[in-house]
Amino acid sequence: VLPCFVAGTVDVEGTTYAALYPANAPATLATQSEGTLEPLDPAFETTLLPAAKAACRAVGAELHDTPVVLTASGEAVERDYELIEDAAPSFDGSDDEDMVVLADFVHEGKTIFVLRMLDPVYVVGRCGPDGSYTVPSDEEMESVGDVVEDLVGEIEDALDAEEDMAEDAHDTLAP
């Protein structure tokens with residue numbers, strides 16, 4: 001089960017689909033090669049999950065094996081972004097500002113990083129008769145993917161506009 005918030009819904013041919021935002025922080029596993037982060041193959045990620053969970057527990061985070069995307073919760077995840085960033089190794093030559101290191105561990109001589117994704121991650125869900133959401137089939141995604149992607153774009157535009165208004169208000173209220 002992936003606990004989520006409903007960011008928005010759209011009706012396609014009588015079926016409701018939603019852009020869902022995970023309640024816990026989205027996370028991923030990666031290695032570093034020549035200064036660039038490289039995501040792990042999902043099959044390999046599954047193999048390393050017990051070690052990744054242990055590394056997260058050691059720093060006050062809980063890594064969850066959830067459908068579609070790994071998620072993390074706990075004290076380390078809730079810390080201020082700057083505190084996590086200051087403790088993170090530097091990725092020279094990398095432009096991965098949208099992720100911060102929660103934990104790391106070594107597997108077969110290679111450092112594996114557990115990363116918290118800072119950018120929003122949306123999951124598509126199909127609303128069932130009981131009001132719960134399930135992941136649509138690949139076939140369904142082909143037919144509704146663009147519509148839900150447009151919905152996500154509208155949501156992000158609205159959030160950006162809201163942030164801009166808040167910044168403008170702060171600037172005008174500042175002494």
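Everything discussed here concerns the structure shown above.
Residues numbered from 1 in each chain as written. Predicted model: local features only at pLDDT ≥ 70, side-chain atom pairs only at ≥ 80, totals over all residues. Heavy atoms only, no water.

**Q** For this particular structure, what's the right way to read unusual backbone geometry?
**A** Outside of glycine, negative phi angles account for most residues, and trans bonds account for most peptide bonds. Non-glycine residue Val-68 carries a positive phi angle of around 75°. For Val-68, the location among the structural elements is in the loop between β5 (62-64) and β6 (70-73). One non-glycine residue, Glu-108, lies in positive phi territory at about 50°. Locating Glu-108 in the fold gives a position in the loop between β7 (99-107) and β8 (110-117). (Helix = DSSP H or I, 4+ residues; strand = E, 2+ residues; numbered from the N terminus.)

**Q** Please clarify how the side chain of Thr-31 should be interpreted in this entry.
**A** Relative to the helices and strands, Thr-31 is located in strand β3 (residues 25-33). Ignoring anything within four residues of it in the chain, the contact list for Thr-31 reads Thr-36, Leu-37, Glu-38, Leu-40, Lys-110, Thr-111, Ile-112 and Phe-113. (Contact = heavy atoms within 4.5 Å.)

**Q** Please clarify how the environment of Thr-111 should be interpreted in this entry.
**A** Inspection of the secondary structure puts Thr-111 in strand β8. In this structure Thr-111 comes out as partly exposed when scored by relative accessible area, which is 31%. Residues Thr-111 and Gln-32, spaced 79 residues apart in sequence, show a C-alpha to C-alpha distance of 7.5 Å. Apart from residues lying up to four places away in sequence, Thr-111 is in contact with Ala-30, Thr-31, Gln-32, Asp-104, Phe-105 and Val-106. (Buried < 20%, exposed > 50% of the residue type's maximum accessible area, 1.4 Å probe, protein only.)

**Q** I'm lost on a negative patch on the surface in this one. Help?
**A** Taken together, the side chains of Asp-119, Asp-146, Glu-149, Asp-150, Glu-154, Glu-156, Asp-157, Asp-160, Glu-162, Glu-163, Asp-164 and Glu-167 make up a negatively charged region of the molecular surface. For Glu-163, the position within the fold is in helix α4 (residues 138-173). (Patch = residues over 30% accessible without salt bridge, like charges linked within 9 Å, V, L, I, M, F, W, Y side chains within 5 Å. Areas by Shrake-Rupley, 256 points an atom, 1.4 Å probe, with all protein chains shown as cover. Salt bridge = Lys/Arg side-chain N within 4 Å of Asp/Glu carboxyl O. Lys, Arg positive; Asp, Glu negative; His and termini not counted. Charge placed at Lys NZ, Arg CZ, Asp CG, Glu CD.)

**Q** How do you make sense of the pairing of β3 when you look at a structure like this?
**A** Moving residue by residue along a regular strand, the side chains alternate between the two faces of the sheet. Burial analysis of β3 places seven of its nine residues in the buried class, which makes it a mostly covered element. Relative to β6, β3 runs antiparallel, the two being bridged by three bridges. Looking across to β6, one finds that Ala-27 is bridged to Leu-70. The sheet contact formed by β3 and β8 spans five bridges and is antiparallel. Its bridge partner lying in β8, Thr-28 is registered against Leu-115. Alignment of β3 against strand β4 (residues 36-39), held across four bridges, turns out to be antiparallel. (Pairing = 2+ DSSP bridges.)

**Q** I would appreciate a short explanation of the sheet that holds strand β10 (residues 133-134) in the present structure.
**A** On the basis of which strands lie adjacent, the open sheet formed by four strands has the order β1-β2-β9-β10 and antiparallel pairing. Sheet topology places β1 (4-12) and β10 at the edges, where each strand pairs with a single neighbour. Alignment of strand β9 (residues 123-127) against β10, held across two bridges, turns out to be antiparallel. By the bridge assignment for β10, Arg-126 is matched with Thr-134.

**Q** It is not clear to me how the nonpolar core should be interpreted in this structure. Could you clarify?
**A** The nonpolar side chains of a soluble globular protein tend to be buried with one another. Counting residues in hydrophobic clusters, the biggest one holds 20 residues, and the most contacted among them are Leu-29, Leu-63, Phe-105 and Val-114. At the level of elements, β3, α1 (42-58), β6, α2 (75-78), β7 and β8 are the ones that each hand at least two residues to this core. Each residue touching Phe-105, except ones within four places of it in the same chain, is listed here: Leu-48, Ala-51, Ala-52, Ala-55, Lys-110, Thr-111, Ile-112 and Val-114. Judged by nonpolar contacts, the second largest core, of eleven residues, contains Val-124, Val-144, Leu-151 and Val-152. (Core = buried A, V, L, I, M, F, W, Y, C linked by side-chain atoms within 4.5 Å.)

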